[in-house]
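Residues per chain are reported as follows:
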Amino acid sequence: MTAPQIVLKQSPLIPRGGAPARLVFATSAAMTFLAVCALAAALTAEKLAALWTDQLARVATVTAEIADGPDARAQTTRLLAALEEIPGIAGARALSESEMQALLAPWLGPEAPLDDLPTPVMIEVETGGAGPDRAAVEAALARIAPGSTYDDHGRWRDSLADAAGTLRALAYGALLIAAGAAAATVALATNAGLAANTAIIDALLLMGAEDGFIARVFERRFARRALTGALLGLALAAIGLWSLGDAVSGTATPGGLDLSPTTRDWVVLSLTPALLTAVAWATTRLSVIAALRRRR
Amino acid sequence: MIELEGATFRYGGVEALTNVTLSMEQGAMAFLTGPSGAGKSTLMKLLYLSLTPTSGSVRLFGRDAAKLTRRERAHMRRRIGVVFQDFRLLDHLSVLENIALPLRIAGARPADYASDVTELAEWVGLGGRLNARPPELSGGEQQRIAIARAVIASPEIILADEPTGNVDPEIAARLMGLLLELNRLGKTVLVATHDLALVARLGAPTLRLEGGRLSQAGERAA
Ligand SMILES: Nc1ncnc2c1ncn2[C@@H]1O[C@H](COP(=O)(O)OP(=O)(O)OP(=O)(O)O)[C@@H](O)[C@H]1O
Ligand SMILES: [Mg+2]
């Protein structure tokens with residue numbers, strides 16, 4: 001007897017749908033969105049911190065207190081010479097008028113009337129090696145232009161690093177919370193699913209199904225819901241992050257800074273859906289097996 | 001193959017089985033009769049490892065059922081085909097998928113069993129309803145799914161609880177014929193039934209339960 005080609009479907013053993021599965025989807029989407037945003041913020045902060053710290057490390061600034069007058073130019077030259085003599089300083093240069101203009105433009109507008117303002121002379125100091133001895137610099141300043149200040153940006157560097165570190169910790173926290181919320185929802189959904197399908201589960205067990213077999217039915221369902229939800233959350237977050245990239249590249253950012261995530265960043269961000277899916281999968285499996293054991 | 005030793009089962013306060021001892025050799029066939037409420041289904045449930053005796057013991061395939069791990073119990077259940085009195089079909093699956101369940105649970109590939117499943121479904125008279133869902137079928141048709149499902153995976157023991165309660169005499173004879181045929185092939189078969197006429201006609205050893213007590217010890221004759 002040659003039977004015609006028979007196709008035997010393998011429908012899911014538990015009827016599909018239901019509020020619990022939708023809840024897993026929605027929670028996973030929302031949690032991924034938030035976690036990805038937090039991660040992206042941390043990555044951006046780290047990028048900024050690294051960039052600025054690097055730039056700041058090689059430059060220091062002297063705000064020279066030099067009174068306007070015929071003597072001003074000579075006094076500035078003397079100060080520059082004195083600074084360049086100090087070991088650890090590679091060079092010193094007073095900012096030109098147009099540079100000052102550019103520096104102040106964000107606050108005073110491009111047409112800032114610098115001549116009418118009591119602006120200090122800004123000296124850009126290029127440091128070398130381990131940098132100059134702060135006391136030596138301050139002594140030179142006191143000698144030639146009292147009231148001047150020296151700023152090696154150390155405070156900025158430290159607080160930038162601190163801020164980036166805090167954001168990173170917050171992002172990990174957000175990720176943990178997202179994973180925890182996903183796990184809690186999935187555990188709830190699994191138990192609801194088990195309760196709604198006791199007749200089917202009993203029948204399968206009586207036919208010789210092992211706990212793992214039953215668990216797989218639910219794992220597949222909830223892991224897929226978590227994954228699709230998480231991908232939606234990632235997509236929504238990505239739209240936001242892309243527009244951030246666009247917004248930044250649309251303006252003249254100093255140093256041609258691009259804040260949109262790099263390929264490496266995208267890889268890191270994409271790990272969030274993977275993490276949530278893995279959490280959903282593991283939680284489902286453990287919940288089902290624990291529940292079946294409890295029922296004996 | 002099947003051994004009950006002083007098995008008693010109590011549902012809370014109700015004693016459904018009292019001190020039942022029986023044994024069936026491999027390849028034996030017997031009927032289990034008795035009035036409604038006599039404890040037939042309860043005895044079946046002890047044998048398909050759904051219930052554990054309150055006292056006494058159940059031994060299957062030479063092993064004490066109370067001492068099995070979860071995994072061993074699952075594997076032992078696969079060696080037992082059960083026609084449940086209430087069928088326990090999966091309403092959202094088709095006739096074919098329901099019949100194929102034991103094979104699916106055992107991890108077989110659909111391509112390997114599709115034609116066997118279809119053939120058996122046709123043999124029990126469900127050829128025209130292969131893709132119907134159980135709720136769309138009559139009680140008798142559902143019962144035939146249950147029987148086909150119980151035997152599809154070639155279990156060594158077949159336990160049938162009222163397998164012909166809902167079908168007309170012609171189909172009943174046909175289904176009993178299937179169980180007899182499987183018994184001839186070496187399966188151990190125990191059938192609980194009200195249908196004394198059928199039992200008399202087939203002439204297999206009969207165990208009679210009344211008020212939870214076995215009134216005739218059942219030893220299999222050749
Ligand atoms: N889940 C239960 N909880 C409490 N009592 C039960 C339960 N199931 C069965 N009983 C009782 O146990 C006794 C035996 O029931 P059982 O179902 O084994 O009888 P049966 O011989 O199969 O009857 P039938 O021929 O009607 O199927 C009955 O008195 C019944 O009321
Ligand atoms: Mg019964």
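For the structure itself, consult the block above.
This is a predicted model, so every value here is computed, not measured.

Participant: Any chance you could explain the interface of chain A and chain B here in plain terms?
Facilitator: It is common to give the size of an interface as the accessible area lost on bringing the parts into contact. Tallying the contact residues gives 25 residues for chain A and 29 residues for chain B. Linking chain A to chain B there are 3 salt bridges. We note a salt bridge from Arg78(B) to Glu210(A), for which the minimum N-O separation is 3.6 Å. Our enumeration of links across chain A and chain B arrives at 10 residue pairs in polar contact (both at pLDDT 80 or more). Looking at the side of chain A that touches chain B, the elements with two or more residues in it are helix H6 (198–206), helix H7 (211–249) and helix H8 (263–295) of chain A. In terms of residue count, H6(A) provides more of the side of chain A that touches chain B than any other element does, 7 residues in total. Of the residues contributing to the side of chain A that touches chain B, the split by class is 16 nonpolar, 3 polar and 6 charged.

Participant: Help me understand the coordination of the magnesium ion (ligand 2) in this model?
Facilitator: Metal coordination angles in their ideal form are 109.5 degrees for the four-donor tetrahedron and 90 or 180 degrees for the six-donor octahedron. All names here are of chain B. Within the protein, Ser41 (OG) and Gln85 (OE1) serve as the donor atoms for the magnesium ion (ligand 2), at 1.9 to 2.1 Å. Highlighted residues: Ser41 in helix H1 (residues 40–47) and Gln85 in the loop between strand S6 (80–83) and helix H3 (95–105), separated in sequence by 44 residues. Taking relative accessible area as the criterion, Ser41 reaches 17% and is therefore assigned buried. Note on Gln85: relative accessible area 42%, which makes it partly exposed.

Participant: Help me understand the pattern of salt bridges in this model?
Facilitator: Between side chains of opposite charge, pairing is possible as soon as their charged atoms come close. Under the definition given, this model contains 18 salt bridges over all chains. In this structure, the salt-bridge partner of Arg264(A) is Asp265(A), at a minimum N-O distance of 4.0 Å. Judged by relative accessible area, which is 59%, Arg264(A) ranks as exposed. Measuring nitrogen to oxygen at the nearest pair gives 3.5 Å for the salt bridge that ties Asp112(B) to Arg109(B).

Participant: When you look at unusual backbone geometry in this model, what are you seeing that I'm missing?
Facilitator: All names here are of chain B. Phi angles above zero are rare outside glycine, and Asn19 is one such case at about 45°. Note on placement: Asn19 falls in strand S2 (residues 14–24). Positive phi, normally seen in glycine, also occurs at Ser154, with a value near 55°. The topology assignment puts Ser154 in the loop between helix H5 (139–151) and strand S7 (157–161). In this structure Ser154 comes out as partly exposed when scored by relative accessible area, which is 47%.

Definitions and cut-offs
Residues numbered from 1 in each chain as written. Chains lettered and ligands numbered in written order. Predicted model: local features only at pLDDT ≥ 70, side-chain atom pairs only at ≥ 80, totals over all residues. Heavy atoms only, no water. Contact = heavy atoms within 4.5 Å. Salt bridge = Lys/Arg side-chain N within 4 Å of Asp/Glu carboxyl O. Polar contact = N/O pair within 3.5 Å; in protein donor to acceptor, adjacent residues only side chain to side chain. Helix = DSSP H or I, 4+ residues; strand = E, 2+ residues; numbered from the N terminus. Nonpolar A, V, L, I, M, F, W, Y, C, P; charged D, E, K, R; others polar. Donors = N, O, S within 2.8 Å, 3.2 Å for Na, K, Ca; no water. Buried < 20%, exposed > 50% of the residue type's maximum accessible area, 1.4 Å probe, protein only.

Scope: geometric values only; no functional claims are made or implied.
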